[in-house]
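The residues making up each chain are set out below.
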Amino acid sequence: MTDDKDVLRDVWFGRIPTCFTLYQDEITEREAEPYYLLLPRVSYLTLVTDKVKKHFQKVMRQEDISEIWFEYEGTPLKWHYPIGLLFDLLASSSALPWNITVHFKSFPEKDLLHCPSKDAIEAHFMSCVKEADALKHKSQVINEMQKKDHKQLWMGLQNDRFDQFWAINRKLMEYPAEENGFRYIPFRIYQKIIKFLCSKGCEKEGALSMLKSYFIF
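Residue positions are counted from 1 within each chain, in the order its sequence is given. Predicted model: local features are reported for residues with pLDDT of at least 70 only, side-chain atom pairs are reported and counted for 80 or more only, and whole-chain, interface and lining totals are derived from all residues. Excluding hydrogens and water, the side-chain values take into account all heavy atoms of the structure.

An unreviewed UniProt entry lists the protein chain under the name Autophagy protein 5, from Felis catus. UniProt positions are given in the numbering used here, feature names are shortened, and annotations may be inferred rather than shown by experiment. Here is the UniProt Function (unreviewed entry) comment for the protein chain, exactly as written: "May play an important role in the apoptotic process, possibly within the modified cytoskeleton. Its expression is a relatively late event in the apoptotic process, occurring downstream of caspase activity. Plays a crucial role in IFN-gamma-induced autophagic cell death by interacting with FADD." Taken from UniProt, the Sequence similarities (unreviewed entry) comment for the protein chain reads in full: "Belongs to the ATG5 family."

Trainee: I'd like a rundown of the overall build of the protein chain, residues and numbers included.
Mentor: Within the protein chain, the secondary structure is distributed over eight helices and seven strands. The contact definition used throughout considers only heavy atoms, calling two residues in contact when any of these lie within 4.5 Å. A separation of at least 24 residues holds for 67% of the contacts in the protein chain among residues at least 6 apart in sequence. Per the convention used, a helix needs a DSSP run of H or I reaching at least four residues, while a strand needs a run of E reaching at least two, with both numbered from the N terminus.

Trainee: Which residues make up the sheet that holds strand β5 (residues 98–103), and what values do they have?
Mentor: By the convention used here, strands pair only if DSSP detects at least 2 bridges between them. Read from one edge to the other, the open sheet built from five strands follows the order β2-β1-β5-β3-β4, with strand pairing classed as mixed. The outermost strands of the open sheet, each flanked by one partner alone, are β2 (35–40) and β4 (75–76). Where strand β1 (residues 15–22) and β5 come together, five bridges link them in parallel fashion. The residue of β5 that forms the bridge with T21 is T101.

Trainee: Got a sec to walk through unusual backbone geometry? Specific residues and values, please.
Mentor: The omega torsion across L96 and P97 is 5 degrees, close enough to zero to call that bond cis. Here the phi dihedral of K138 falls at roughly 55 degrees; this positive angle occurs in a residue that is not glycine. When you line up the elements, K138 lands in the loop between α5 (118–137) and α6 (140–144). The rule is simple: take the accessible area with a 1.4 Å probe, protein chains only, and divide by the maximum for that residue type; under 20% is buried, over 50% is exposed, in between is partly exposed. On the basis of relative accessible area, K138 is assigned to the exposed category, the value being 54%. Positive phi values are uncommon outside glycine, yet D160 reaches one of about 60 degrees. Here D160 lies in the loop between α7 (147–158) and α8 (162–172).

Trainee: I'd like to hear about the packing of aromatic side chains, residue by residue, with values.
Mentor: Here a pair means two rings of Phe, Tyr or Trp (six-membered ring of Trp) with centres within 6.5 Å. Their orientation is stacked below 30 degrees between planes, edge-to-face above 60, and tilted elsewhere. A complete count under the given rule lists 12 aromatic pairs for this structure. Seen from their ring centres, W12 and F162 are 6.0 Å apart, and the 75 degrees between their planes marks the pair as edge-to-face. Separated by 150 residues along the polypeptide, W12 in helix α1 (residues 5–12) and F162 in helix α8 bring together distant segments of the chain. Pairing Y72 with W98 gives two aromatic rings, centres 6.1 Å apart and planes at 65 degrees, and the pair type is edge-to-face. Separated by 26 residues along the polypeptide, Y72 in strand β3 (residues 69–72) and W98 in strand β5 bring together distant segments of the chain.

Trainee: Please give an account of the pattern of salt bridges that cites residues and values.
Mentor: The term salt bridge refers to a side-chain nitrogen of Lys or Arg lying within 4 Å of a carboxyl oxygen of Asp or Glu. This model, assessed by the stated rule, comprises 10 salt bridges. For R61, the salt bridge goes to E63, with nearest N and O atoms at 3.7 Å. On the accessibility criterion, R61 (34% relative accessible area) is partly exposed. Residue E63 is classed as exposed on the basis of its relative accessible area of 58%. For E131, the salt bridge is made with R188, and the minimal N-O distance between the two is 2.6 Å. Of this pair, E131 sits in helix α5 while R188 sits in strand β6 (residues 188–197), and the two are 57 residues apart along the sequence. Judged by its relative accessible area of 27%, R188 falls in the partly exposed class.

Trainee: Give a detailed account of the confidence of the model for the protein chain, specifying residues and quantitative values.
Mentor: Summary of the metric used: pLDDT quantifies the predictor's per-residue confidence within the range 0 to 100. In the predicted model, the protein chain carries a mean pLDDT of 87, and the fraction of residues at 70 or more is 87%. The least confident element of the protein chain is strand β7 (residues 203–212), whose mean pLDDT is 47; the most confident is β1, at 97.

Trainee: Explain the pairing of β3 to me, using residue names and the numbers behind them.
Mentor: Residues W69 and E71 point to one face of β3 and F70 and Y72 to the other, with burial holding for every one of them. Direction of pairing for β3 relative to β5: antiparallel, over a ladder of three bridges. Residue W69 lies in a different strand from β5, and its bridge partner there is H103. Bridge analysis of β3 against β4 gives two bridges, and the strand direction is antiparallel. Across the sheet, Y72 pairs through a bridge with T75, a residue of β4. In textbook terms, the turn of a hairpin is the stretch between consecutive antiparallel strands, and for β3 and β4 this stretch comprises two residues, one of which, E73, has a positive phi near 50 degrees.

In structure tokens form, the structure reads like this:
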């Protein structure tokens, strides 16, 4: 892992320039200016957008604000997908900055899970870590860690602290010298659902698969 530290840093500090714009039908007391942010690829939208939320709430009445959610060109953005995955899946061929629309009403219940707090993001993240370690180490590494190690791993991600995160994460990336590698390599296949017209003019849905090894743990 030591030899790969420069690569790990490059991946960790990867950023996507993004422009957040309030949806045109949202009710505001004055014009809402766009908000620009460099989004970390390895984090989650609802983890790094507190400033975005506060920016737009300044021009809105409290009674017009409900749960925040984001969309790109009509597609709701899943908060439990890493930011880099969302961009690669939906907007990698688009010009920068990435233009994301912000909503405070009409939550798309059929497309998105609710995210009541950052505790929900933490629970999802740790679940993914445990799934990956079950494949790599039969859960031995994650089970031997103390609760404070789990918390340090999470806080490193939440606060964008490379050294804090990798001080713990490196344990999940190592294997005994007598073994030639991990038992299995964890990865997930993500699908992009697209709509197209059939020969008779009817609308159908299809899926494009994208293979990404976004597990950094």
